[in-house]
Amino acid sequence: MTRSRFMSTETTPSGGSYIHLPTRGLLQIHGKDASKFLQGLITNHMPRIENGGGGFLAAFLSPKGRVMYDVFIHPTNETKEGSDPAYLIECDARALPDLHKHIARFVLRSKVKMVGVTESFDVYSVLDDQTTASSNEDETPSNEAVMERLGTMGATIGMYDNRAVNHMGYRVIVPKGQSLSLPESYRHGTLEEYHVRRIVNGVPEGIDDFIAGTSLPLECNLDYMNGVDFRKGCYIGQELTIRTYHKGITRKRIMPVQYFTPQDPEPESIQFNKNASHVIPPQSELFPTKKTTPAAPAVAASTSSARPVRASGKTGSNVGNIGLALVKLDHVKEGSTFDVMDREGATVRVKAFFPAWWPKQPEAEESSGDE
């Protein structure tokens with residue numbers, strides 16, 4: 001299989017950037033049973049962070065093993081003697097009310113309390129120079145190194161964001177209004193830059209990519225992004241997750257895609273162009289591109305005439321001419337393109353790319369078939 005590495009017309013200048021993420025919500029959970037309580041609800045392993053340090057990625061699943069909410073869980077690292085364990089659960093701000101209700105259903109007699117604290121903190125992404133990141137691809141900092149780095153930024157809450165090896169920098173949480181302590185070479189980046197970095201590296205995030213109750217954790221790359229611990233004990237949705245993992249077959253995954261018009265040449269690698277924006281609603285269906293002849297022009301793939309053809313995937317978040325989509329791996333391996341309709345009803349062509357940081361795909365995942 002030939003993999004195309006990503007190229008973006010928007011590059012981060014040497015020295016990196018820091019980006020405020022106002023679209024993130026925060027829920028604080030604290031109490032004697034906080035760690036044990038969360039251990040039974042999430043895909044990752046709470047003992048890894050129950051003694052403090054950096055946080056991690058995790059997900060809340062439905063009883064049927066479908067992803068409900070993708071979250072980061074951060075220890076608050078309080079040093080007050082005798083204080084109960086406390087964590088900040090970071091999620092898409094739009095999902096926060098539903099996540100709060102979801103967790104509250106399981107509290108019962110557990111000694112935990114929850115409170116929304118979005119207005120008390122600011123969430124930042126600190127992105128290091130991408131060139132430096134690529135040169136140290138296999139290096140993962142220790143927990144001590146992570147906390148030392150956070151300390152230099154004037155923070156005590158955060159994590160090394162290893163969802164795409166080392167391409168996503170650090171997530172940093174500070175009290176509302178507090179500035180980060182960074183070298184002068186770091187500039188204040190934009191939210192668009194963050195989403196471009198996230199999308200070109202194939203990192204899904206939030207309710208546009210994780211549709212509640214729809215996709216499996218492995219389809220959402222939670223295994224690749226270090227969001228699932230396959231050795232931990234029971235939690236809600238574990239049975240199907242473990243069965244899918246040991247079966248070794250994941251036929252669909254969320255991948256980066258580039259949108260282009262049917263008249264444009266097919267891209268060799270993904271390139272971000274903010275001036276070539278295509279407004280594609282999340283969860284739009286992707287259909288295989290129809291072969292056309294001069295006498296038979298292309299027809300919008302998702303019109304009623306094409307309905308008998310089964311969809312090959314669905315779109316997620318997007319910015320400019322790039323986005324994420326859940327697609328069948330065998331179609332991508334074959335080099336297929338897809339068609340989707342934009343908000344105005346025009347046909348837009350779509351090509352998916354394998355992220356360069358992904359592990360080598362096993363043959364089972366590359367085999368054809370439908371789930």
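Cut-off values and rules
Residues numbered from 1 in each chain as written. Predicted model: local features only at pLDDT ≥ 70, side-chain atom pairs only at ≥ 80, totals over all residues. Heavy atoms only, no water. Helix = DSSP H or I, 4+ residues; strand = E, 2+ residues; numbered from the N terminus. Buried < 20%, exposed > 50% of the residue type's maximum accessible area, 1.4 Å probe, protein only. Contact = heavy atoms within 4.5 Å. Areas by Shrake-Rupley, 256 points an atom, 1.4 Å probe, with all protein chains shown as cover. Pairing = 2+ DSSP bridges. Axes fitted to C-alpha atoms, helices over the stretch in contact; angles between N-to-C directions. Core = buried A, V, L, I, M, F, W, Y, C linked by side-chain atoms within 4.5 Å. Domains from an automatic or database assignment. Salt bridge = Lys/Arg side-chain N within 4 Å of Asp/Glu carboxyl O.

A.B. asks: Explain the overall build of the protein to me, please; I cannot follow it from the model alone.
C.D. replies: Across its full length, the protein carries eight helices and 16 strands. Relative to its full complement of 371 residues, the protein shows a buried share of 52%. Once local pairs closer than 6 in sequence are excluded, the contacts in the protein between residues at least 24 apart make up 75%. Of the roughly 17000 Å² of accessible surface on the protein, 50% is carried by carbon and sulfur atoms.

A.B. asks: Can you help me understand the sheet that holds strand 16 (residues 347-352) in this one?
C.D. replies: Paired through backbone hydrogen bonds, the strands of a sheet run either parallel or antiparallel to each other. The six strands lie next to each other as 11-14-13-12-15-16, forming a closed barrel whose pairing is antiparallel. Between one strand axis and the next, the sheet turns by 40° as a mean value, whatever way the strands run.

A.B. asks: I keep staring at the nonpolar core and nothing clicks. Help me out?
C.D. replies: Within soluble globular proteins, side chains that are nonpolar generally end up buried alongside one another. Core analysis: the largest hydrophobic core is formed by 58 residues, its most contacted members being Leu222, Ile322 and Val327. A per-element tally of this core places strand 14 (residues 322-328) first, with five residues. Looking at which domains feed residues into this core, each of domain 1 (16-201) and domain 2 (252-292 + 309-352) gives three or more. Beyond its immediate stretch of four places on either side in the chain, Leu222 contacts Leu57, Ala59, Val67, Phe210, Pro217, Gly227 and Val228. Ranked by size, the runner-up nonpolar core spans 25 residues in total, among them Leu27, Ala58, Ile89 and Cys91.

A.B. asks: Help me out: how do you make sense of the environment of Leu127 in this one?
C.D. replies: As for its placement among the helices and strands, Leu127 is situated in strand 7 (residues 121-127). Considered as a pair, Leu127 and Arg187 are 60 residues apart in the sequence and their alpha carbons are 9.9 Å apart.

A.B. asks: Please clarify how the pattern of salt bridges should be interpreted in this entry.
C.D. replies: Oppositely charged side chains are able to pair whenever their charged atoms sit close together. Counted by the stated rule, this structure contains 19 salt bridges. Residue Glu193 is joined to Arg187 by a salt bridge in which the shortest nitrogen-to-oxygen separation is 2.8 Å. Take Arg187: its relative accessible area is 27%, and that puts it in the partly exposed class. Between Lys351 and Glu266 there is a salt bridge, with its nearest N and O atoms 2.9 Å apart. Separated by 85 residues along the polypeptide, Lys351 in strand 16 and Glu266 in the loop between strand 11 (252-260) and strand 12 (285-288) bring together distant segments of the chain.

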